[in-house]
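Here is what each chain is made of, one letter per residue.
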Amino acid sequence: MNLSYWEIKQWLDNVDFTIVGSGIVGLNCALSLRKKYPKSKILILEKGILPQGASTKNAGFACFGSISELLHDLKTHSEEVVFNLVKNRWEGLLRLREILGDKALDYKPYGGYEVFLEEDSALYEECKEEREYLNQFLKPLFKKEVFSITENKFGFKRVNQNYILNNFEGQLDTGKMMEALLKKCIVENIRILNATNVLSFEEMSSGVLIKTTHFEMESRKLFIATNGFTSTLFNADVKPARAQVLITKPIKNLHIKGTFHLDKGYYYFRNIDNRILFGGGRNLDKEGETTTSFGETEHIQKTLKALLSSVILPNTPFEIEHKWSGIMGVSDIKKPIVDVVSNHVFCGVRLGGMGVAIGSLIGQELASLAD
Ligand SMILES: Cc1cc2nc3c(=O)[nH]c(=O)nc-3n(C[C@H](O)[C@H](O)[C@H](O)COP(=O)(O)OP(=O)(O)OC[C@H]3O[C@@H](n4cnc5c(N)ncnc54)[C@H](O)[C@@H]3O)c2cc1C
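Presented here is a report on the structure given in the accompanying data block. (Residues numbered from 1 in each chain as written. Predicted model: local features only at pLDDT ≥ 70, side-chain atom pairs only at ≥ 80, totals over all residues. Heavy atoms only, no water.)

Pairs may arise between side chains of opposite charge once their charged atoms sit close together. A complete count under the given rule lists 19 salt bridges for this structure. The salt bridge involving R275 is made with E321; its shortest N-O contact spans 3.1 Å. Highlighted residues: R275 in strand β15 (residues 275-280) and E321 in strand β16 (residues 320-330), separated in sequence by 46 residues. Judged by its relative accessible area of 18%, R275 falls in the buried class. Classification of E321 as partly exposed rests on a relative accessible area of 44%. Between E298 and K302 there is a salt bridge; the shortest N-O distance is 3.6 Å. Of the two residues, E298 and K302 are both situated in helix α8 (residues 298-312); the distance of four residues between them amounts to about one turn of the helix. (Salt bridge = Lys/Arg side-chain N within 4 Å of Asp/Glu carboxyl O. Helix = DSSP H or I, 4+ residues; strand = E, 2+ residues; numbered from the N terminus. Buried < 20%, exposed > 50% of the residue type's maximum accessible area, 1.4 Å probe, protein only.)

Structure representation (structure tokens):
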């Protein structure tokens, strides 16, 4: 790239901290670095014209785990581990709301519901039986009852006539959240270069040499916040996981309000702007969805549409306006990786399906590795 003296001096020379990825983790990492190092030069390199992974593609659930998910986790992890998972998610959400404010997030405390398909009545019974235990288990954190039983008030079909409500779950507007974070970075004099793909990095004695599609540059420290794309930069136990979503056109007198987990969490839906946003179905083709390529498949989209008309909106005509996908970073281990990669390189990746909840904390933790 033919860069001028000014471009090099202003944007690429003497950079203290470079962050790869402008998702929720990268932006929060940059903001935490700014707080600690007010005079530093901070640069974010982002391959997309917008953030292009999961942070601008997600469903905007402000959640910390449905009842069946937490019960499942308790079968494979100790109580202490599961309690800390929930605590981190809850505290992460509080932190996000504190940094940006509920108005900027369009945060709505509408509650979250786990809805059970008729064929999952055994799972419903198990959740019902364990509800009291879980409420006691979570009491030190929430002080009040988290899970209660409520009737099928939204008229879903082919489902158990009771749902389990989580009063502490909320929803936010994903686009507004990311725009507010990006604006905050600009105000804090954090530079972001979009459409700049980082191809590789090399340790040097006093910093890191970074090679991108357009230029090479040096930085004192490098923070990798690339989530599902991490394996293109270095070896890490992070697999890409594509998640497909659709949204309806506005529906008159839409009575559904809240965030919903269906079929053991394989599907999720919510109201937004008088529409239903509906996603999931990765379990239908786990191998095919282990990809960094964006796109939709006929099989999953057909299944989403069928569930929408048979279960969620059985008596309401609807049209689908838009479909998209996002790429998550996952592994069998639920915990994110926040670690030192080499002398001057650090990473905060593998956020799974909970990045809205934990992204701000992981960004902060990643930044703290610079100390
Ligand atoms: C469809 C969907 C629904 C979801 N729903 C929810 C939900 O309701 N609630 C919830 O808590 N979580 C949800 N998630 C998960 C959540 O969105 C993620 O955990 C979170 O956004 C991860 O943030 P991140 O910053 O780690 O990664 P990302 O947002 O993926 O950011 C990584 C960034 O790095 C950039 N990048 C990657 N490689 C390079 C490179 N080599 N050079 C330059 N840039 C690079 C990417 O373009 C991307 O912008 C959902 C995810 C998806 C896909």
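Turning our eyes to something else, we now look at the pairing of β15. The element β15 is extensively covered by neighbouring structure, given that six of its six residues are classed as buried. Of the two faces of β15, both are covered, the one formed by R275, L277 and G279 as well as the one formed by I276, F278 and G280. The pairing of strand β14 (residues 267-272) with β15 spans six bridges and is classified as antiparallel. By the bridge assignment for β15, I272 is matched with R275. The turn linking β14 back onto β15 is made up of two residues, and D273 within it adopts a positive phi angle of 50°. (Pairing = 2+ DSSP bridges.)

All chains considered together, the criterion is met by one cavity of 30 Å³ or more. Along the walls of the largest cavity sit S66, I67, G112, Y113, E114, F147, I164, L165, N166, E169 and H261, which together make up its complete lining. Looking at the lining of the largest cavity, its residues break down into five nonpolar, four polar and two charged. (1 Å grid on protein atoms, 1.4 Å probe; cavity = no way out; pocket = protein on both sides within 12 Å on 5 of 7 lines; lining within 4 Å. Points joined across faces, edges and corners; volume = space filled by probe spheres on them. Nonpolar A, V, L, I, M, F, W, Y, C, P; charged D, E, K, R; others polar.)

Moving on: the site of the ligand. Taken together, 37 residues form the shell around the ligand, and within it E46, Q52, S55, F61 and V198 come nearest. Between an oxygen atom of the ligand and a side-chain N or O atom of S55, the distance comes to 2.5 Å. For the ligand, the protein covers 98% of the area, taking 1000 Å² as the surface of the free molecule. Elements represented by at least two residues in the shell around the ligand include exactly α2 (24-36), β12 (239-248), β16 and α9 (355-368). For the shell around the ligand, the leading source of residues is α9, giving three residues. Looking at the shell around the ligand, its residues break down into 19 nonpolar, 15 polar and three charged. Two domains each donate at least three residues to the shell around the ligand, and these are domain 1 (5-57 + 175-237 + 333-368) and domain 3 (239-330). (Near = heavy atom within 4 Å. Polar contact = N/O pair within 3.5 Å; in protein donor to acceptor, adjacent residues only side chain to side chain. Areas by Shrake-Rupley, 256 points an atom, 1.4 Å probe, with all protein chains shown as cover. Domains from an automatic or database assignment.)

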